[in-house]
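Structural overview
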Amino acid sequence: MCAKFALHATKCDAGRVKSWSSPEIPSVSGRGKRPTVFCTSHRGPADTPRKLKEARLYVCGITPYDATHLGHAATYVAFDVLFRTWKDAGVDVTYAQNITDVDDPLLERADAIGMDWRELAESQIDLFRSDMELLRVIPPDAYIGAVESIDRVVDAVTRLLDKGAAYTLDSGDVYYRVGTRIEPPFGSTSHLERHEMLELFAERGGDPETAGKADPLDPLLWRAERAGEPAWDGGRLGAGRPGWHIECAVIAQDHAGLPLTVQGGGSDLAFPHHEMCAAHATALTGVNFAKAYMHVGMVGYEGEKISKSKGNLVLVSKLVEQGEDPMAIRALLLAHHYRSDWMYTDPLLAESRERLAAWRAAARSGTTMDAAEEILEDMRQNLGDDLDTPAVLDTLDEWADSVGDDGTAEGTALVVDAVDALLGITLR
Ligand SMILES: [Zn+2]
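Owing to the predicted nature of the structure, the values given are computational and were not obtained by experimental measurement.

Quick look at the coordination of the zinc ion now. Surrounding the zinc ion are the protein donor atoms Cys-60 (SG), Cys-248 (SG) and His-273 (NE2), at 2.0 to 2.1 Å. Mapping the donors of the zinc ion onto the primary sequence yields the spacing C-x187-C-x24-H. Within this pair, whereas Cys-60 is found in the loop between strand S3 (54-59) and helix H1 (70-88), its partner Cys-248 is found in helix H6 (residues 244-255), the two being separated by 188 residues in sequence. Accessibility classification places Cys-60 together with Cys-248 in one group, the buried group.

If you want it as structure tokens, here you go:
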């Protein structure tokens, strides 16, 4: 058993929800650079130690009702590249990810299609796992569901009540008090003005209008049982189910350990989700939740951000079903810097397919050892600079254009292994 609420989690916790199988990662000679990454909270480069030896990575997982669209894929592939870059630099990484396997969007979707919410969650988690395998994403050490963490959430919410950092409404719902004094203070993750916070809170699952709250921004910690909704024993809290932010705060602490080196997710999670996770965890432990917050840009399609509610999903599984090579999808994602917002189009995917074909042709030719070593050095340099994958892909294009008759199989093998280990793209 792992120590409960240990600040430094160990890797002993596999969790009830199974993750997926890991791709093989070839070893590549030499050592890469520890990457300098952009942190939302610092509004600039994160102050990660230059000699970082151990990293704790927590990436917010899916709510399993619309897996796995290209926006999800972009997020998990981006953090996969961070994981690979850290590994290449000799950093020991503990990686945890959650699955919000009970929450309003999942219950609403299950209700709309007349399916049991548990079956819907299970089928979508299955799909997510197989998509991650196809995209050659390295699985987290701990892949943990909200449902299996309910006892831990109940414990955390009860302690927040005892500390005066939470309160219960007449409905039985428990809310976190954003006015709780913590250091760093509420707002230091996202740096938004209050009017911006109020707007985003309403847009992204918050309930500023709920009567009786101390502050409209106070987020739900525990939702008291409602007729027709699943509920669990909450001890003193009464029967109910967990709020989303406290779920991640608890799972991150239990399974990655605090402070996190990086808390990651899509840019739409910066507020309220990551701000609230940080506030909850800091109020509980007195420890700063994360040293850096990394946010991945949004992928759009037909002029809108990809989402179930917009009805414009581009699913990895559908593209693969239509015959697409998952490596062309991965290359397309990496062709965009992880922080940029971009629009998916079919011609972009076709370009990526051609690009991959050119690299595969180069992988069948010879490469001089000098050129191969230069390519590896260049890849490491660019990944070290805030994971600049578009620059890495440009280097590979140049390699594909320049292979001649003077190379060797050994040189080519070095490039192919580096592309596999660092970018997760297999050219064999
Ligand atoms: Zn989260």
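Further remarks concern a negative patch on the surface. Negative charge collects at one region of the surface, where Asp-370, Glu-373, Glu-374, Glu-377, Asp-378, Glu-398, Asp-401 and Glu-410 lie side by side. Breaking the negative patch down by element, the ones donating at least two residues are helix H11 (369-384) and helix H12 (389-402). Counting residues per element, the negative patch draws most heavily on H11, at five residues.

A few words now on the domain arrangement of the chain. For the chain, the domain assignment lists domain 1 (38-305) and domain 2 (328-335 + 347-423). Relative placement of domain 1 and domain 2: their C-alpha centres are 35 Å apart. Taken together, the 16 residues of domain 1 in the interface contact 13 residues of domain 2. Buried area between domain 1 and domain 2, both sides added, is near 1,300 Å², and the carbon and sulfur share of it is 62%. At the junction of domain 1 and domain 2, the tally comes to three salt bridges.

Quick look at the side chain of Thr-68 now. By the element assignment, Thr-68 lies in the loop between S3 and H1. For Thr-68, the side chain forms a polar contact with the side chain of Asp-131, separated by 2.8 Å.

To continue, consider the nonpolar core. Membership of the largest hydrophobic core comes to 79 residues, with the highest contact counts inside it found for Leu-70, Trp-359 and Ile-425. Built from parts of two domains, this core gets at least three residues from each of domain 1 (38-305) and domain 2 (328-335 + 347-423). With 26 residues, the next largest nonpolar core counts Ile-150, Phe-201, Leu-237 and Phe-271 among its residues.

With that out of the way, let us pick up the packing of H11 against helix H13 (residues 409-423). Where H11 meets H13, the axes come as close as 7 Å, and the angle between the chain directions of the two elements is 15 degrees. The angle between the axes of H11 and H13 places the two elements in the roughly parallel class. Note that H11 runs across H13; the crossing there is left-handed. Contact residues: H11 offers Met-369, Ala-372, Glu-373, Ile-375, Leu-376, Met-379, Arg-380 and Leu-383, while H13 offers Glu-410, Gly-411, Leu-414, Val-415, Ala-418, Val-419, Leu-422 and Leu-423. For the contact of H11 with H13, a count of residues per class yields 12 nonpolar, one polar and three charged.

A few words on the sheet that holds strand S7 (residues 174-176). Across the sheet, which stays open at both edges, the four strands sit in the order S6-S7-S8-S9 with antiparallel pairing between neighbours. The open sheet has two free edges, formed respectively by strand S6 (166-168) and strand S9 (240-242), since each of these has just one partner strand. Each strand of the sheet is rotated relative to its neighbour by a mean of 20 degrees, with strand direction disregarded. Along the sheet, helix H4 (residues 150-162) contacts S6, S7, strand S8 (220-224) and S9; its crossing angle with S8, the most-contacted strand, is approximately 110 degrees.

This part is about the side chain of His-336. Tracing the sequence through the fold places His-336 in the loop between helix H9 (326-334) and strand S14 (342-344). Given a relative accessible area of 17%, His-336 falls into the buried group. Side-chain polar atoms of His-336 contact the backbone oxygen of Leu-332, separated by 2.9 Å. Those residues in contact with His-336, other than ones at most four positions away along the chain, are Trp-342, Leu-348, Thr-389 and Pro-390.

Sheet architecture is open: five strands sit in the order S5-S4-S3-S10-S11, paired in parallel fashion. Each edge of the open sheet carries a strand with a single partner, namely strand S5 (142-145) and strand S11 (293-296). Neighbouring strand axes in the sheet, compared pairwise and without regard to direction, differ in orientation by 20 degrees on average. Helix H7 (residues 270-285) rests against strand S10 (262-266) and S11 of the sheet, and its axis sits at about 155 degrees to S10.

This part covers the pairing of strand S4 (residues 92-99). Of all the eight residues making up S4, seven are buried; the element is thus mostly covered by neighbouring parts of the structure. Of the strand pairs in this sheet, S3 and S4 are connected by six bridges, and their pairing is parallel. Directly across from Leu-57, in S4, lies its bridge partner Tyr-95. The parallel pair S3 and S4 is bridged by H1, and the resulting crossover is right-handed. Of the strand pairs in this sheet, S4 and S5 are connected by four bridges, and their pairing is parallel. Across the sheet, the residue bridging to Asn-98 is Ile-144, located in S5.

All told, the structure shown has nine aromatic pairs when counted by the stated rule. Between Trp-20 and Phe-128, the ring centres sit 5.7 Å apart and the planes meet at 90 degrees, which makes this aromatic pair edge-to-face. Taken together, the residues Trp-20 in the segment before strand S1 (38-39) and Phe-128 in helix H3 (residues 117-134) connect sequence positions 108 residues apart. Classification of Phe-128 by relative accessible area gives buried; the value is 0%. Centroid distance Phe-128 to Tyr-143: 6.4 Å. Interplanar angle 20 degrees. Geometry classified as stacked. Separated by 15 residues along the polypeptide, Phe-128 in helix H3 and Tyr-143 in strand S5 bring together distant segments of the chain. Comparing Phe-128 with Tyr-143, the two get one shared label, buried. Grouped by ring-pair contacts, the aromatic residues Trp-20, Tyr-76, Phe-128 and Tyr-143 constitute a single cluster.

A word on the environment of Gly-240. Inspection of the secondary structure puts Gly-240 in strand S9. A residue is classified by how much of its surface remains accessible, and Gly-240, at 0% relative accessible area, is buried. Taking the C-alpha atoms as reference, Gly-240 lies 6.5 Å from Trp-222; in sequence the two are 18 residues apart. Leaving out residues up to four positions away in the same chain, Gly-240 has contacts with Trp-222, Arg-223, Ala-224, Glu-225, Ala-231 and Trp-232.

Calculation rules
- Residues numbered from 1 in each chain as written.
- Predicted model: local features only at pLDDT ≥ 70, side-chain atom pairs only at ≥ 80, totals over all residues.
- Heavy atoms only, no water.
- Donors = N, O, S within 2.8 Å, 3.2 Å for Na, K, Ca; no water.
- Helix = DSSP H or I, 4+ residues; strand = E, 2+ residues; numbered from the N terminus.
- Buried < 20%, exposed > 50% of the residue type's maximum accessible area, 1.4 Å probe, protein only.
- Patch = residues over 30% accessible without salt bridge, like charges linked within 9 Å, V, L, I, M, F, W, Y side chains within 5 Å.
- Areas by Shrake-Rupley, 256 points an atom, 1.4 Å probe, with all protein chains shown as cover.
- Salt bridge = Lys/Arg side-chain N within 4 Å of Asp/Glu carboxyl O.
- Lys, Arg positive; Asp, Glu negative; His and termini not counted.
- Charge placed at Lys NZ, Arg CZ, Asp CG, Glu CD.
- Domains from an automatic or database assignment.
- Contact = heavy atoms within 4.5 Å.
- Buried area = accessible area lost by both parts, 1.4 Å probe.
- Polar contact = N/O pair within 3.5 Å; in protein donor to acceptor, adjacent residues only side chain to side chain.
- Core = buried A, V, L, I, M, F, W, Y, C linked by side-chain atoms within 4.5 Å.
- Axes fitted to C-alpha atoms, helices over the stretch in contact; angles between N-to-C directions.
- Parallel < 35°, antiparallel > 145°, perpendicular 65-115°, else oblique.
- Left-handed = near helix turned anticlockwise from the far one by under 90°.
- Nonpolar A, V, L, I, M, F, W, Y, C, P; charged D, E, K, R; others polar.
- Pairing = 2+ DSSP bridges.
- Right-handed = clockwise from strand over helix to strand, strands pointing away.
- Phe/Tyr/Trp six-rings, centres within 6.5 Å; stacked < 30°, edge-to-face > 60°.

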